[in-house]
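Observations on the model geometry
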Amino acid sequence: MRISTYELRALCVPLDRSIGDSQIDPLDRFRVVVLELVADTGEVGVGFDTIETPLETIAEALEESVLGASPFAIRNRVTRPRGGKYGAKPFDRLVDVAVWDLCAKYLDLPLYELMGGTDPRVPAYASGLAFHHDDETTRRIYEDFRDQGFGAAKVKVGYPSVEDDLERLALVHDVMGEDCRLLVDANEAFSPKEAIRRTHRYREAGFDIYWLEDPILRDDRKGIRRVAEALPETHVNVGEYVGFEEKRSLLEHGACDVLHVHGYSNGRREATLAAAYGVPVAFGNTPGEFGVHAAAALPEVTYLEYAALGWDRLLTEPVTFENEMAVAPDRPGHGLEVADSAVEQYGTDELERE
């Protein structure tokens, strides 16, 4: 099997609600790029991601290293980029998702099974991303999560005062109920001492915080370890904003209780690295929740993040949730197809290799 041709589309997709955090102004739409890789055996691998890269730039990369190649060879290829080639390109995950999908479809397997999984389910938590919303809107967001049966919820913190944080925590706790597990995410808003001080205040107010995510600057390894050591009853979740080598450094410095990972190939590599240090992982948001396959296939995955951003409007059959678990589709590949109606409604431009 070889990749013979491809098709690229860009969609401008409005979100069901605006999202943001302590560092990012509200976003109300995404640019979604959809890639279809067509094999000479007839299978079509689909990838999609939220990126701003021009279609022409992605096409150049596809022509150079993907067309004519075996998708299995691409997935097993080991590279060691240096100099100007160092670091991942913004569209690498887009290609990675499409190639994994193509391999699994060729073998007629659900992707989580190809990745070694035996159970399609993985625990999921509700992520409101509601930092900029007023109380009424925030309450509605978490009421929807509660009504779907979620038993864990993440709350954005990092407001000007700890009292503001406490008010938002109290609101979510009131909506979700006493048995809900609370997670907080500061998006690097604090200094080490402020992160420790605020988390103690959360606990003193009666909120048992399961994890504190990205409390301080991502490259302050000593500071993150200081926070983790000062908060023995709260896990420190880090790694969202750094690459593989930086994740390794966080683990080496003991500055990580839970490692945040993304994607298929990179997520699996990072989870393998974390396992060497006895550290569990959490899968962050992925478009359409495609990360459910890798999350379900790996051991010691604490949670998959779910933000309910409206991907159901794009996909013919979206990922489902049952009893606080995300369930990976049992269809060949990742099982997530972009609906023709969504392409017609939100499409902005396309590029096809004849």
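Reference entry: report on the structure contained in this document. For clarity, every value in this text was computed on a predicted model and none was experimentally measured. (Residues numbered from 1 in each chain as written. Predicted model: local features only at pLDDT ≥ 70, side-chain atom pairs only at ≥ 80, totals over all residues. Heavy atoms only, no water.)

Interaxial distance between helix H5 (residues 135-147) and helix H6 (residues 162-176) falls to 9 Å at its minimum, and their mutual angle equals 35°. Considering only the axes of H5 and H6, their crossing is right-handed. Touching Asp-135, Thr-138, Arg-139, Tyr-142, Glu-143, Phe-145 and Arg-146 of H5 are Arg-168, Leu-171, Val-172, Asp-174, Val-175 and Met-176, all from H6. Residues belonging to the contact of H5 with H6 are distributed by class as follows: six nonpolar, one polar and six charged. (Axes fitted to C-alpha atoms, helices over the stretch in contact; angles between N-to-C directions. Helix = DSSP H or I, 4+ residues; strand = E, 2+ residues; numbered from the N terminus. Left-handed = near helix turned anticlockwise from the far one by under 90°. Contact = heavy atoms within 4.5 Å. Nonpolar A, V, L, I, M, F, W, Y, C, P; charged D, E, K, R; others polar.)

Moving on: the packing of aromatic side chains. Per the counting criterion, the structure on display carries 16 aromatic pairs. Note on Tyr-210 and Tyr-303: the rings are 6.3 Å apart at their centroids and 90° apart in plane angle, and the pair reads as edge-to-face. With Tyr-210 in strand E7 (residues 209-213) and Tyr-303 in strand E11 (residues 301-306), this residue pair connects regions lying 93 residues apart in the sequence. Residue classification places Tyr-303 among the buried positions, given a relative accessible area of 10%. Taking the centre distance of 6.1 Å and the plane angle of 75° together, the rings of Trp-211 and Tyr-303 count as edge-to-face. With Trp-211 in strand E7 and Tyr-303 in strand E11, this pair connects stretches of sequence that are 92 residues apart. Assigned by exposure class, Trp-211 and Tyr-303 land together as buried. Ring pairs connect the aromatic residues Tyr-142, Phe-145, Phe-150, Tyr-306 and Phe-321, which therefore count as one cluster. Lying across the ring of Tyr-210, Arg-181 places its NZ or CZ 3.9 Å from the centre. Against the face of Phe-244 rests Arg-269, its NZ or CZ located 4.1 Å from the ring centre. (Phe/Tyr/Trp six-rings, centres within 6.5 Å; stacked < 30°, edge-to-face > 60°. Buried < 20%, exposed > 50% of the residue type's maximum accessible area, 1.4 Å probe, protein only. Lys NZ or Arg CZ within 6 Å of the ring centre and 35° of its normal.)

Turning our attention to unusual backbone geometry. The residue Leu-129 is not glycine, and still its phi comes out positive at about 50°. Within the fold, Leu-129 resides in the loop between strand E4 (121-127) and H5. A positive phi angle, close to 65°, is found at Glu-188, a residue other than glycine. When you line up the elements, Glu-188 lands in the loop between strand E6 (181-185) and helix H7 (192-204). Among the residues examined, Glu-188 registers a relative accessible area of 14% and is labelled buried.

Counting residues in hydrophobic clusters, the biggest one holds 90 residues, and the most contacted among them are Phe-48, Tyr-142, Phe-145, Met-176 and Tyr-202. Broken down by element, this core gets its largest block of residues, seven residues, from H6. In this structure Phe-145 touches Arg-17, Ala-126, Ser-127, Gly-128, Phe-150, Met-176, Tyr-306, Ala-307 and Ala-308, once residues within four positions along its chain are discounted. Membership of the second largest hydrophobic core comes to 26 residues, among which are Ala-10, Leu-37, Leu-62 and Leu-102. (Core = buried A, V, L, I, M, F, W, Y, C linked by side-chain atoms within 4.5 Å.)

What follows covers a negative patch on the surface. Where like charges cluster on the molecular surface, the negative patch consists of Glu-56, Glu-60, Glu-64 and Asp-349. Of all the elements, helix H1 (residues 55-65) adds the most residues to the negative patch, at three residues. Along the chain, the position of Glu-60 falls in helix H1. The class of Glu-60 is exposed, set by a relative accessible area of 56%. (Patch = residues over 30% accessible without salt bridge, like charges linked within 9 Å, V, L, I, M, F, W, Y side chains within 5 Å. Areas by Shrake-Rupley, 256 points an atom, 1.4 Å probe, with all protein chains shown as cover. Salt bridge = Lys/Arg side-chain N within 4 Å of Asp/Glu carboxyl O. Lys, Arg positive; Asp, Glu negative; His and termini not counted. Charge placed at Lys NZ, Arg CZ, Asp CG, Glu CD.)

Attention shifts here to the environment of Asp-219. Following the sequence through the fold, Asp-219 ends up in the loop between E7 and helix H8 (221-230). Overall, Asp-219 belongs to the exposed group, its relative accessible area being 51%. Separated by 19 residues in sequence, Asp-219 and Val-238 place their C-alpha atoms 10 Å apart.

It is worth spelling out the packing of helix H9 (residues 244-252) against helix H10 (residues 265-276) at this point. Running from N to C, H9 and H10 point in directions that differ by 15°, and their axes come no closer than 10 Å. Comparing their axes, H10 and H9 come out roughly parallel. The handedness of the crossing between H9 and H10 comes out as right-handed. Note on element contacts: H10 touches H9 through Arg-269, Glu-270, Leu-273 and Ala-274, opposite Phe-244, Lys-247, Arg-248 and Leu-251. Partitioned by chemical class, the residues of the contact of H9 with H10 number four nonpolar, no polar and four charged. (Parallel < 35°, antiparallel > 145°, perpendicular 65-115°, else oblique.)

Secondary-structure assignment places His-293 in helix H11 (residues 292-297). Between the C-alpha atom of His-293 and that of Val-122, which follows or precedes it by 171 residues, the distance is 8.9 Å. Discounting residues that sit within four places of it in the chain, His-293 has contacts with Leu-111, Tyr-112, Met-115, Tyr-264, Ala-328, Pro-329, Gly-333 and His-334. Side-chain polar atoms of His-293 contact the backbone nitrogen of Tyr-112, separated by 3.0 Å. (Polar contact = N/O pair within 3.5 Å; in protein donor to acceptor, adjacent residues only side chain to side chain.)

Remember, this is a structural readout, not a statement about activity or role.
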